[in-house]
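Per-entry structural report
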Amino acid sequence: MTSDLEPLDRRLVPFSQTLLGVETVWGAETKRVRLVSGGYLDDVLEAYDDLESWDERRVRDSDATLLRSMLLDDLVLVAVWREGVEPPCDAHALIATGLTEVEFEEQLESIE
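Our subject in this report is the structure included herewith. Quick caveat, the model's predicted, so the values are computed rather than measured.

What about the pattern of salt bridges?
- Taken as a whole and assessed by the stated rule, the structure comprises nine salt bridges.
- Here Lys31 and Glu103 are joined by a salt bridge, their closest N and O atoms 2.6 Å apart. In this pair, Lys31 sits in strand β3 (residues 31-37) while Glu103 sits in helix α2 (residues 101-109), placing the two residues 72 residues apart along the sequence.
- In this structure, the salt-bridge partner of Arg58 is Asp63, at a minimum N-O distance of 2.7 Å.

Listed below in structure tokens is the structure:
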């Protein structure tokens, strides 16, 4: 992903002794974008109880579902998709707060 936001954090997330995922965060002031590559979507989305589907997109040749919710008066926008590799490495999510739908879609388009 090539975001116009400043990179804030990148870390490896262990799923087992031999399996790692990556979580990267970009941000500026009140905007945050988190890209999760690998993991279990239930764990990644646990904090967002009332996500509802609002659209679909293609991301890296996969079908992505776009979801949205409110958390503490902030709009949360999420894209989730799976790629053709072994679970849990197949799961991916882009989670954004403080972005408009247009800004979110621009971030989604930057995923290569």
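Further notes follow.
Re the environment of Arg82
- Inspection of the secondary structure puts Arg82 in strand β6 (residues 74-82).
- Here Arg82 falls in the partly exposed class, since its relative accessible area comes to 45%.
- A sequence separation of 51 residues divides Arg82 from Lys31, and the C-alpha atoms of the two residues are 25 Å apart.
- Discounting chain neighbours no more than four positions away, the residues touching Arg82 are Leu41, Ser62, Asp90 and Ala91.
- Of the polar contacts made by the side chain of Arg82, one reaches the side chain of Asp90; its length is 3.1 Å.

With respect to the nonpolar core
- Of all hydrophobic cores here, the largest spans 17 residues; its most connected members are Val33, Ala79, Trp81, Leu94, Phe104, Leu108 and Ile111.
- Secondary-structure elements contributing two or more residues to this core are β3, β4 (52-59), β5 (62-71), β6, β7 (91-97) and α2.
- Here the element with the most residues in this core is β6; it accounts for three residues.
- Judged by nonpolar contacts, the second largest core, of 12 residues, contains Val36, Val44, Tyr48 and Ala91.

Description of the sheet that holds β6
- The strand order across the open sheet formed by seven strands is β1-β2-β3-β7-β6-β5-β4, and the pairing between neighbours is antiparallel. This sheet does not close on itself; its edge strands, each paired only once, are β1 (6-16) and β4. Averaged over neighbouring strand pairs, the angle between their axes works out to 20 degrees when direction is ignored.
- Relative to β5, β4 runs antiparallel, the two being bridged by seven bridges. Each bridged residue has a counterpart across the sheet, and for Arg58 the counterpart in β5 is Asp63.

Focus: the side chain of Ser69
- Locating Ser69 in the fold gives a position in strand β5.
- Here the side chain of Ser69 touches Asp50 through a polar contact of 2.4 Å, side chain to side chain.
- In this view, Ser69 contacts Asp50, Leu51, Asp74, Leu75 and Val76; residues no more than four positions away in its chain are not counted.

Some points on the pairing of β1
- Here β1 pairs with strand β2 (residues 19-28) via nine bridges, running antiparallel. Bridging across to β2, Val13 finds its partner in Gly21.
- In sequence, β1 turns back onto β2 through a hairpin of two residues.

Analysis parameters
- Residues numbered from 1 in each chain as written.
- Predicted model: local features only at pLDDT ≥ 70, side-chain atom pairs only at ≥ 80, totals over all residues.
- Heavy atoms only, no water.
- Salt bridge = Lys/Arg side-chain N within 4 Å of Asp/Glu carboxyl O.
- Helix = DSSP H or I, 4+ residues; strand = E, 2+ residues; numbered from the N terminus.
- Buried < 20%, exposed > 50% of the residue type's maximum accessible area, 1.4 Å probe, protein only.
- Contact = heavy atoms within 4.5 Å.
- Polar contact = N/O pair within 3.5 Å; in protein donor to acceptor, adjacent residues only side chain to side chain.
- Core = buried A, V, L, I, M, F, W, Y, C linked by side-chain atoms within 4.5 Å.
- Pairing = 2+ DSSP bridges.
- Axes fitted to C-alpha atoms, helices over the stretch in contact; angles between N-to-C directions.

Shape is all these values report; function is a separate question.
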